[in-house]
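The chain contents come next:
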Protein chains: 4
Amino acid sequence: MSDTLETTPHGATDAEHDAHGPAGHHGYIGDKQRYLNRLKRIEGQARGIRSMVEDEKYCIDILTQISATTAALESVALGLLEDHLRHCVVDAARQGDEQAEEKIREASAAIARFVR
Amino acid sequence: MSDTLETTPHGATDAEHDAHGPAGHHGYIGDKQRYLNRLKRIEGQARGIRSMVEDEKYCIDILTQISATTAALESVALGLLEDHLRHCVVDAARQGDEQAEEKIREASAAIARFVR
Amino acid sequence: MSDTLETTPHGATDAEHDAHGPAGHHGYIGDKQRYLNRLKRIEGQARGIRSMVEDEKYCIDILTQISATTAALESVALGLLEDHLRHCVVDAARQGDEQAEEKIREASAAIARFVR
Amino acid sequence: MSDTLETTPHGATDAEHDAHGPAGHHGYIGDKQRYLNRLKRIEGQARGIRSMVEDEKYCIDILTQISATTAALESVALGLLEDHLRHCVVDAARQGDEQAEEKIREASAAIARFVR
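A quick note: this is a predicted structure, and the numbers were derived from the prediction, not measured. (Residues numbered from 1 in each chain as written. Chains lettered and ligands numbered in written order. Predicted model: local features only at pLDDT ≥ 70, side-chain atom pairs only at ≥ 80, totals over all residues. Heavy atoms only, no water.)

## Some thoughts on helix α3 (residues 59-95) of chain C
Residues and elements named next belong to chain C.
In step 1: Compared with an ideal rise of 1.5 Å per residue, which puts 37 residues at 54 Å, α3 spans 52 Å between its outermost C-alpha atoms and is within 8% of the ideal.
In step 2: The principal kink in α3, of about 35 degrees, is found at Leu-85.
In step 3: For α3, the buried fraction is high: 27 of the 37 residues fall into the buried class.
In step 4: Following α3 by one or two positions, Gly-96 adopts a phi angle in the positive range, close to 155 degrees. (Helix = DSSP H or I, 4+ residues; strand = E, 2+ residues; numbered from the N terminus. Expected span 1.5 Å × (residues − 1). Bend = angle between axes of the 7 residues up to and from the residue. Buried < 20%, exposed > 50% of the residue type's maximum accessible area, 1.4 Å probe, protein only.)

This is how it looks when you write it as structure tokens:
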């Protein structure tokens, strides 16, 4: 998957991540199709931005499209984060202090990347 | 172009926008290919996010990919905005107070959409 | 305290908030003096911004001071949020699903106010 | 003024900044009292945040107050930036390409500090 970042900041293997359950228990499974639909639409928005630059549309209109796309991405991120807190962080809290601490640090670092 | 927003917030027609020169004089033409390359890469990132949800990758990794994609989009937007100030706003300033005022209000509204 | 918002979005009384322990168990107590020092410095930055406007300093310098101040506030918020997840959300997770759900929703809404 | 940043990113002296007119021609003079009032209120908000931590108020309520304060600061910044574009950047555009370019770069860097 060459489009994704090659490094993962949490430094955990997929095996570790999957330790608390079978594949698919990453919290967002319930709404998976809805997330996929939203992301498909975001891909369309990104494609639209490129078409607008290709066609040399008015700059302010392109900026409007970009801010709509980043807002859509941030909304997906906030949804995924809430799902993550609801499932993964709550599970870790019940497993023990150490497990909780690791997930809290990881989630806080992810939140900081959206705020700063 | 169904992927782009149907409404434009500035309320001007394409003809008006092109009034200060032939098509392609929207300021970013010099770097057009570079913008297209960056946007193509951003489309790939968006596609990558969808693959990650499809494959039920670890939530925090998806969030990292989303924050990288929004940062890339914001960087494109800041570049386009600087080009817009450099060409369109400067041209308007030289045309007269009214023209300048219209462009300043429009640019400020676009900036606010990225800050808030 | 006229400077604080009159409405609280979570709709819980102080008594409810304190239900899980004596006053001061809101998670940030360990670093309280450090937070107070940082906030005292932020007050000084805010006062400095007003002085700059009063003295009609260069606009860009005022903007630099404002962005430094918002970054300092966001950094305090991220710290408080991490402390909140570490203590209050983890405690709620151990109390039960309903308690966890309430805290997750509340924290997610707070996060969204910083991202959007 | 120990509360302000000691370095200025634009690297220009006050004398240079004042070159285009007497003190007070920094663009925001018309609304100066209104900015001062808004900033006085923001100082009160900052003081309120410190009181909340001092009194160990509920963490989410403190976060709400912080996000309201950063939003108020960003709103002041957007106003100052619009005034700056309206006066200083437009003036520079009329003076010449070099003057315009310097102001555009400086303003774009200031905008980037609020977006990123």
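Read on for the rest.
## Structural notes on the pattern of salt bridges
In step 1: Following the criterion strictly, the structure yields 36 salt bridges over all chains and no others.
In step 2: Here Arg86(C) and Glu101(A) are joined by a salt bridge, their closest N and O atoms 2.7 Å apart. Taken together, the residues span two chains, with Arg86(C) in helix α3 and Glu101(A) in helix α4 (residues 97-115).
In step 3: Assessed through its relative accessible area of 22%, Arg86(C) is described here as partly exposed.
In step 4: One salt bridge connects Asp83(B) with Arg86(B), and the closest N-O pair in it is separated by 3.5 Å. In this pair, Asp83(B) and Arg86(B) are both assigned in helix α3 (residues 59-95), three residues apart and thus about one turn of the helix distant.
In step 5: Judged by its relative accessible area of 9%, Asp83(B) falls in the buried class.
In step 6: A network of salt bridges, in which partner residues are shared, links Glu82(A), Asp83(A), Arg86(A), Glu101(C) and Arg105(C). (Salt bridge = Lys/Arg side-chain N within 4 Å of Asp/Glu carboxyl O.)

## Some thoughts on the packing of helix α3 (residues 59-95) of chain D against helix α4 (residues 97-115) of chain D
For any two helices packed against each other, one specifies the crossing angle of their axes together with the interaxial distance.
All names here are of chain D.
In step 1: It is the contact of α3 with α4, at a shortest axis distance of 8 Å, that shows an interaxial angle of 165 degrees. In terms of axis orientation, α3 runs roughly antiparallel to α4. Here the hand of the crossing between α3 and α4 comes out left-handed. Packed against α3, whose contacting residues are Glu-74, Ala-77, Leu-81, His-84, Leu-85, Cys-88, Val-89, Ala-92, Ala-93 and Gln-95, the element α4 presents Gln-99, Ala-100, Lys-103, Ile-104, Glu-106, Ala-107, Ile-111 and Phe-114 at the interface.
In step 2: Here the residues of the contact of α3 with α4 sort into twelve nonpolar, three polar and three charged. (Axes fitted to C-alpha atoms, helices over the stretch in contact; angles between N-to-C directions. Parallel < 35°, antiparallel > 145°, perpendicular 65-115°, else oblique. Left-handed = near helix turned anticlockwise from the far one by under 90°. Contact = heavy atoms within 4.5 Å. Nonpolar A, V, L, I, M, F, W, Y, C, P; charged D, E, K, R; others polar.)

## Notes on the environment of Ala92(D)
Residues and elements named next belong to chain D.
In step 1: Its location among the elements puts Ala-92 in helix α3.
In step 2: A relative accessible area of 4% means that Ala-92 is categorised as buried.
In step 3: Remark: the alpha-carbon pair of Ala-92 and Glu-102, spanning ten residues in sequence, is separated by 8.5 Å.
In step 4: With near-sequence residues (within four places) excluded, Ala-92 lies in contact with Gln-99, Ala-100 and Lys-103.

## Describing unusual backbone geometry
Residue and element names in this part refer to chain A.
In step 1: Positive phi, close to 55 degrees, is recorded for Glu-56, a residue that is not glycine.
In step 2: By secondary structure assignment, the location of Glu-56 is in the loop between α2 (32-54) and α3 (59-95).
In step 3: Residue Glu-56 is classed as buried on the basis of its relative accessible area of 16%.

## Brief notes about helix α4 (residues 97-115) of chain B
Residues spaced three or four apart along an α-helix face the same direction, because each turn holds 3.6 residues.
In step 1: With 19 residues, α4(B) should reach 27 Å at 1.5 Å per residue; the first-to-last C-alpha distance of 26 Å fits that figure.
In step 2: Among the residues of α4(B), those classed as buried are Ala100(B), Lys103(B), Ile104(B), Glu106(B), Ala107(B), Ser108(B), Ala110(B), Ile111(B), Ala112(B), Phe114(B) and Val115(B).

## Description of the confidence of the model for chain A
All names here are of chain A.
In step 1: The predicted model of chain A averages 82 in pLDDT, with 74% of residues at 70 or higher.
In step 2: Within the model, pLDDT remains below 50 along residues 1-24, and this stretch shows 42 contacts once partners closer than five positions in the same chain are excluded.
In step 3: The ipTM for the predicted assembly is 0.79, set against a pTM of 0.81. (pLDDT = per-residue confidence, 0-100.)

## Things to note about the side chain of Thr64(B)
In step 1: Structurally, the position occupied by Thr64(B) is in helix α3.
In step 2: A polar contact of 3.0 Å, which involves the side chain of Thr64(B), links it to the side chain of Arg113(A). (Polar contact = N/O pair within 3.5 Å; in protein donor to acceptor, adjacent residues only side chain to side chain.)

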